[in-house]
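Listed here are the chains, written in short residue letters.
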Number of protein chains: 2
Amino acid sequence: MRKPLAGVRVLDVGTRIAAPFCAGLLGEQGAEVIKIEQPGAGDPLRTLGPYAKPGQNEGEGEGSDHPYSLFWAVEGRGRKSVTLDLRQPRGQELFRQLASHTDVLCENFRPGTLERWNIHPGALPRRLVTVRISGYGQDGPKSLLPGLDRNGVAYGGLLHLTGEPDRSPVRPGVTVADYLTGVFAAQAATALLYDRDIGGSGEGGVIDAYLYGSVLRIMEWTHAAYHNLGLVRNRVGNRVDHSAPINNYPSRDGRWVCITAATQANFARLCTAMDRPELIEDPKFATANARVANGGEINQIVSDWTALLDAADIEARCVAHDVPAATAYDAADIANDPHVIARGDLVAIDDPVVGPLRQQAPYPRFDGQPPPVPTGAPRVGQHTDEVLTELCNLKPDELASLRADGII
Amino acid sequence: MRKPLAGVRVLDVGTRIAAPFCAGLLGEQGAEVIKIEQPGAGDPLRTLGPYAKPGQNEGEGEGSDHPYSLFWAVEGRGRKSVTLDLRQPRGQELFRQLASHTDVLCENFRPGTLERWNIHPGALPRRLVTVRISGYGQDGPKSLLPGLDRNGVAYGGLLHLTGEPDRSPVRPGVTVADYLTGVFAAQAATALLYDRDIGGSGEGGVIDAYLYGSVLRIMEWTHAAYHNLGLVRNRVGNRVDHSAPINNYPSRDGRWVCITAATQANFARLCTAMDRPELIEDPKFATANARVANGGEINQIVSDWTALLDAADIEARCVAHDVPAATAYDAADIANDPHVIARGDLVAIDDPVVGPLRQQAPYPRFDGQPPPVPTGAPRVGQHTDEVLTELCNLKPDELASLRADGII
């Protein structure tokens, strides 16, 4: 199995999604990931729903006041858990020791927090690559504002563009700013490792990855058009101003099928798939410009056709004619799809609380190999003794004393 | 300026967004990016709107039948352009020569295309890292289906989760599957470079990055909950089933402000910001569970408050009390925002057709440095002679002959 980052060690002091996701990606490529958690409760993600079914939701065991989080089970996978109170000097000292054996540090506290704890990049070895994720970046007038995923989506400009023109904007259904930032940051961290180890400088570096920036980076032509044309782009739902037919079309069985057939070739194929070859030469639809001018009408024609068929039939007819089409898949569709099953896009991960738990596999793939299967999400502090013994040379009595003092 | 990938050479044979974006990211970190385009028209992205304003839209000069694409101006930046007809054996031979001087190849043809042209990974040096981006992956029963961004969003499960429960699902406002796949692929390519050059094997590798997979990878707890609970997750608009108040709230001046105040601490702060401290201890809202049970009512209270204020005032009041809040920013808001300006998140890139063109800056940042400024998007074939002379040792008469034969 290809593990390109084997030999790399990552410290994850993040919480919730963005920084832990960044660390986990590196882990799925072979890095060892050690998550540092606050003694006791650990990552707040452990408390968020949805929760495992009754009988399987005794999360963290005795003393836990919440059932077992399936969100944590997914995002916490593939790493070890070490408890360490970074608010106490002895915890900070141990952290600096751990960092001296580490290649990449991932954090997403508010800017200034690592500095307050004296575990900021300047206090750590120069060979360390530090990924700093925040809502608004490490400097600038808004850098200290609370920055959640939604803020990044809104402030970065994606929220305004998503939804129907006549309604409130709507958020993308998952925390895209968190994940997108995590992936950008993982790429940048890997690039700095490359530079450190290939360039020969031995210098790590600091990455400033901010939620709104990852969203802003993928805004297509939005800002160029504002600058060059004075055009303020607005949301257009599922249609596109200058292309038709494109939409999510309703099926007889209550599903939605996304069909993209605005180019000449695809439009002709769709007409054939609909058994309406006469539309290809109809002056109202014969050219791209004509279809845009009569966008409402051609979209309605497609919609009238789809409404008489089940989604699977619509897709099959489109596929038979090479028209891009896809049903808006839900979790059940994906779990039962032959292609997903053949490819192994969902893997059962052995979770320590609920047992085998099916979830999204590592991505992307190397050399035609199936994706690796990460270890299940650890319990809080499951690897504290193991890691601190190995990397900090702590003895059992020292561990006992630290534990008694609430430092681990 | 930190350029961690200096010395790396990338061939971009992609079109439109995903593979070119992957290549461009590597370029913004110092890699040399050479885009291979079909002689004549080049990347079809060059023909897509929106177009530069009249007088500046004479895109590709004589022979071009379309005005200048601002989408191309953004996505084509930071690379050289070489024309090469990969459908002809002489073009394929030159391509193999170029690849022998290359570290990373990025492509997003349908699976099997590089094989048909005999420029697939097996025909190229083993040290090459090949990024293969497709809609559905390199194998499996659906691998040959046409896969556009929307298919990835729909088939990967994000479309079903985005939008209001009572309406059609709605696509995220930009091509998130394309970009997300591009970033994942860039990370994986960097990891393989690291492995190749650090591990000492000298072996590159092949990355299978598929649009639906990047979307599936960020689906949070969706599949774990289906497996463990039999729960098929559905879209919920801007609210969250188990948290309140969270929503996009309307302002007096017709804007939408996203406020997230479901935790106890944030809810108390929001009540203070609204000058409604009595709500903090109101039994209907005093606990997270109570707020969920009375979610409609508390969201309405917040909405009634926001409706009396302009967006800027709502944000200012939330900020003053450390409540996460962000207006759904449009292009004009972003261009004029003091934080964005102070941080330099938009940069003017010197475009060869329209001149300085403001667009999103490279992301993320290294070592506290401002982002680099990429070169403007090249004209089709602008660097053909330069690159083929340097890397393939072609002489002027050979270039003339290739040009006469339509190969470059």
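Residues numbered from 1 in each chain as written. Chains lettered and ligands numbered in written order. Predicted model: local features only at pLDDT ≥ 70, side-chain atom pairs only at ≥ 80, totals over all residues. Heavy atoms only, no water.

Let us look at the packing of helix α3 (residues 89-99) of chain A against helix α16 (residues 384-392) of chain A. Residue and element names in this part refer to chain A. It is at 10 Å that the axes of α3 and α16 come closest, and there the two elements cross at 65°. Relative to α16, α3 is oriented roughly perpendicular. Between α3 and α16 the crossing geometry is left-handed. When α3 is examined against α16, the residues L94, Q97 and L98 are found in contact with a partner set consisting of V387, L388, L391 and C392. When the residues that make up the contact of α3 with α16 are grouped by side-chain class, the tally is six nonpolar, one polar and no charged. (Axes fitted to C-alpha atoms, helices over the stretch in contact; angles between N-to-C directions. Helix = DSSP H or I, 4+ residues; strand = E, 2+ residues; numbered from the N terminus. Parallel < 35°, antiparallel > 145°, perpendicular 65-115°, else oblique. Left-handed = near helix turned anticlockwise from the far one by under 90°. Contact = heavy atoms within 4.5 Å. Nonpolar A, V, L, I, M, F, W, Y, C, P; charged D, E, K, R; others polar.)

Looking now at the state of the cysteines. All names here are of chain B. Inspection of the entire model under this criterion finds zero disulfides over all chains. With no disulfide of its own, C22 lies 3.9 Å from the sulfur of C106, the closest cysteine sulfur. On the basis of relative accessible area, C22 is assigned to the buried category, the value being 0%. Between C318, a cysteine without a disulfide, and C258, which holds the nearest cysteine sulfur, the sulfur-to-sulfur distance is 10.0 Å. (Disulfide = S-S within 2.5 Å. Buried < 20%, exposed > 50% of the residue type's maximum accessible area, 1.4 Å probe, protein only.)

Another point: α16 of chain A. Each full turn of the α-helix corresponds to 3.6 residues, which orients residues three or four apart in the same direction. Residue and element names in this part refer to chain A. Residues of α16 that are buried: T384, V387, L388, L391 and C392. With its buried residues spanning 95° around the axis, α16 presents them on a single face. Of the surrounding secondary structure, the elements contacted by the buried residues of α16 are β1 (9-12), β2 (32-37), β3 (80-83), α3 and α17 (396-404). Taken from the residues just after α16, N393 is the one with a positive phi, measuring 55°. (Arc of directions from axis to C-beta.)

Before going further, it helps to spend a moment on the packing of aromatic side chains. Evaluation of the coordinates by the stated rule reveals 20 aromatic pairs over all chains. When the centroid spacing of 4.9 Å and the interplanar angle of 80° are considered together, the rings of F109 of chain B and W117 of chain B count as edge-to-face. Across the pair, W117 of chain B and F109 of chain B agree in class, each one buried. Cluster of aromatic residues (ring-pair linked, three or more members): F21, Y179, Y329 and Y363 of chain A together with Y136, Y155, F184, Y210 and Y212 of chain B. Here the guanidinium or amino end of R343 of chain A rests over the ring plane of Y210 of chain B, the centre of that ring lying 4.3 Å away. (Phe/Tyr/Trp six-rings, centres within 6.5 Å; stacked < 30°, edge-to-face > 60°. Lys NZ or Arg CZ within 6 Å of the ring centre and 35° of its normal.)

A separate point is the sheet that holds strand β6 (residues 205-210) of chain A. The strand order across the open sheet formed by seven strands is β3(A)-β2(A)-β1(A)-β4(A)-β5(A)-β6(A)-β12(B), and the pairing between neighbours is mixed. Edge positions in the open sheet fall to β3 of chain A together with β12 (365-366) of chain B, since each of these has one partner strand only. As defined by bridge partners, strand β5 (residues 129-134) of chain A adjoins β6 of chain A across six bridges and the pair is classed as parallel. Across the sheet, the residue bridging to R132 of chain A is D208 of chain A, located in β6 of chain A. Running at roughly 155° to β1 of chain A, α3 of chain A makes contact with β1, β2 and β4 (104-107) of chain A of the sheet. (Pairing = 2+ DSSP bridges.)

If you want to describe how two helices pack, look at the angle between their axes and the distance between the axes. At a minimum axis distance of 9 Å, the contact between helix α7 (residues 176-198) of chain A and helix α7 (residues 176-198) of chain B shows a crossing angle of 20°. As summarised for this structure, α7 of chain A and α7 of chain B are arranged roughly parallel, according to the angle between their axes. In the crossing of α7 of chain A with α7 of chain B, the sense of the turn from one axis to the other is left-handed. Residues L180, V183, F184, A186, Q187, T190, A191, L193, Y194, R196, D197 and I198 of chain A of α7 of chain A form the contact with α7 of chain B, whose participating residues are L180, V183, F184, A186, Q187, T190, A191, L193, Y194, R196, D197 and I198 of chain B. Looking at the contact of α7 of chain A with α7 of chain B residue by residue, the classes come out as 16 nonpolar, four polar and four charged.

Below, the discussion takes up the sheet that holds strand β4 (residues 104-107) of chain B. Spatial ordering of the open sheet is given by β12(A)-β6(B)-β5(B)-β4(B)-β1(B)-β2(B)-β3(B), a layout of seven strands whose pairing is mixed. Only two strands of the sheet have a single neighbouring strand rather than two, namely β12 (365-366) of chain A together with β3 (80-83) of chain B. Inspection of the sheet shows β4 of chain B paired to strand β5 (residues 129-134) of chain B by four bridges, in the parallel sense. Residue pairing in the sheet places V104 of chain B in a bridge with V129 of chain B of β5 of chain B.

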